[in-house]
Every structure is written in structure tokens, then in C-alpha cells.
Amino acid sequence: MTPQNTSGEDFQRRFRNALGMFATGITVVTTRTSAGEPIGLTVNSFNSVSLDPPLVVWSLANELPGRALFEGCEYYAINVLAEDQMELSQRFASRLGEKFGGLPFATGVGGAPLLEGCCARFVCRNTVRHPGGDHVVFISEVVDFDLAGERLPLLYFGGAYRQVRA
């Protein structure tokens, strides 16, 4: 490998394309505002960190308008989307409209909104945040979780939604 020139738009596009070769699951991270309104956003930068204590990690772009709300909340949920929930991913990725409008959901620890039909759901305590370039990195303590049996996950790979093939 030859060292890459790390400046310019071409580098960022090629770097993003290279990162896209790593398949990820799709999650929707949800919490509540200080007024109690549910909010959420689509995130594919989610991963496990530790089993003991149970920790997970995800990141959020600095320029997103809801960033301060997620940094300031005490609890949030990480909802791992199932393969038939592409519309839900797109809904929460959009910056328009009321994302929870007409959407049924349960309430977890600390009021965290839990989306229905997901593969898994993790309720996390917002414990550690670190600056990470153009993102904030959240390392979170899992305080509760559930698993939906045989549901397959929605994946993202090469700039497109994908499904697990048996």
C-alpha cells in the first residue's frame, strides 16, 4: 500500500467508499427531550465494547441539530432494525417531519422510547462522551436489553441497504 494524500474532496469520497465495504447493522437511537418529547435518529456506527461491564459505542455527527439533546440526556435506547424495517431507517434518517407521528412504541428505563419489531433493543445510560473529529463518540452502559428471537437484521453495505442471505 502507498500512503494516501489525506486532504481534499477526492480523499473523503474514496475513504467513505472504503469504509462502506464494512457491512454494518442499522440502528435508531431514541431518547426524550427535556419536555418529554420522543426524538430519534438513524445510526450505523454502533458496536459492542465490553461484556463486563456491558458497554456499547456509537457516534453522532457534530453538525446534527439534535446532538446537544443526545449529549444531555440520561438514558437512550439503541433499537437494532430488522430486515423489514427499511422505511423506519429512512424515516429517522430524514431531517423533516415528526418522526414518531403515528408510530407505536414502548417506554424503557428512564423513559427511553423502544421501537416495535426490532431484532434487539438496548437501553443505555449516557455515561461517557469523547470528541472524535467531526463526530461525538458515546460509550454507554447497557442497563437493559431484549432480543426478538429469529428476526434478521437490516444491513448497510456499499452505500445500500442489504439483507442477510442464508
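Note that the structure is a prediction, hence the values are computed from the model and not measured.

With that settled, consider the pairing of strand 4 (residues 46-50). Regular strands place side chains that alternate from one sheet face to the opposite one. Here four bridges tie strand 4 to strand 5 (residues 55-61), and the two strands are oriented antiparallel to one another. The partner of serine 48 across the bridge, within strand 5, is valine 56. In this structure, the hairpin formed by strand 4 and strand 5 is closed by a connection of four residues.

The subject of this paragraph is the environment of valine 28. If you trace the backbone, valine 28 turns up in strand 2 (residues 27-32). Looking at valine 28, the relative accessible area reads 0%, which means it is buried. Taking the C-alpha atoms as reference points, valine 28 and arginine 151, 123 residues apart in sequence, are found 16 Å from one another. For valine 28, the contacting residues outside a window of four places in its chain are Leu41, Thr42, Ala77, Ile78, Asn79, Leu81, Leu88, Phe92 and Leu115.

As a further point, take the nonpolar core. With 20 residues, the main nonpolar core has Trp58, Phe70, Tyr76 and Ile78 as its most contacted residues. Elements that contribute at least two residues to this core include exactly strand 3 (38-43), strand 5, strand 6 (75-80), strand 9 (120-132) and strand 10 (135-147). Once residues lying within four places of it in the same chain are set aside, the contact partners of phenylalanine 70 are Val29, Thr30, Thr31, Ile39, Gly40, Leu41, Trp58, Leu60, Asn126 and Phe138. Of all hydrophobic cores here, the second largest spans ten residues; its members include Val28, Leu88, Leu115 and Leu154.

This paragraph deals with the packing of aromatic side chains. This model, assessed by the stated rule, comprises ten aromatic pairs. Aromatic pair phenylalanine 46 and phenylalanine 122: ring centres 5.7 Å apart, planes at 45°, arrangement tilted. Of this pair, phenylalanine 46 sits in strand 4 while phenylalanine 122 sits in strand 9, and the two are 76 residues apart along the sequence. Given the relative accessible area of 24%, phenylalanine 46 is considered partly exposed. For the ring pair tyrosine 156 and tyrosine 161, a centre distance of 5.5 Å and an interplane angle of 80° mean the geometry is edge-to-face. We classify tyrosine 161 as partly exposed; its relative accessible area is 25%.

Pairs may arise between side chains of opposite charge once their charged atoms sit close together. Scanning the entire structure with this criterion turns up eight salt bridges. Aspartate 10 is the partner of arginine 13 in a salt bridge, and the nearest nitrogen-oxygen pair spans 2.6 Å. With arginine 13 and aspartate 10 both in helix 1 (residues 9-19) and three residues apart, the pair spans about one turn of that helix. The salt bridge involving aspartate 146 is made with arginine 121; its shortest N-O contact spans 2.7 Å. One end of the pair, aspartate 146, is in strand 10; the other, arginine 121, is in strand 9, and 25 residues separate them in sequence. Assessed through its relative accessible area of 31%, aspartate 146 is described here as partly exposed.

Each value, and the rule that gives it
- Residues numbered from 1 in each chain as written.
- Predicted model: local features only at pLDDT ≥ 70, side-chain atom pairs only at ≥ 80, totals over all residues.
- Heavy atoms only, no water.
- Pairing = 2+ DSSP bridges.
- Helix = DSSP H or I, 4+ residues; strand = E, 2+ residues; numbered from the N terminus.
- Buried < 20%, exposed > 50% of the residue type's maximum accessible area, 1.4 Å probe, protein only.
- Contact = heavy atoms within 4.5 Å.
- Core = buried A, V, L, I, M, F, W, Y, C linked by side-chain atoms within 4.5 Å.
- Phe/Tyr/Trp six-rings, centres within 6.5 Å; stacked < 30°, edge-to-face > 60°.
- Salt bridge = Lys/Arg side-chain N within 4 Å of Asp/Glu carboxyl O.

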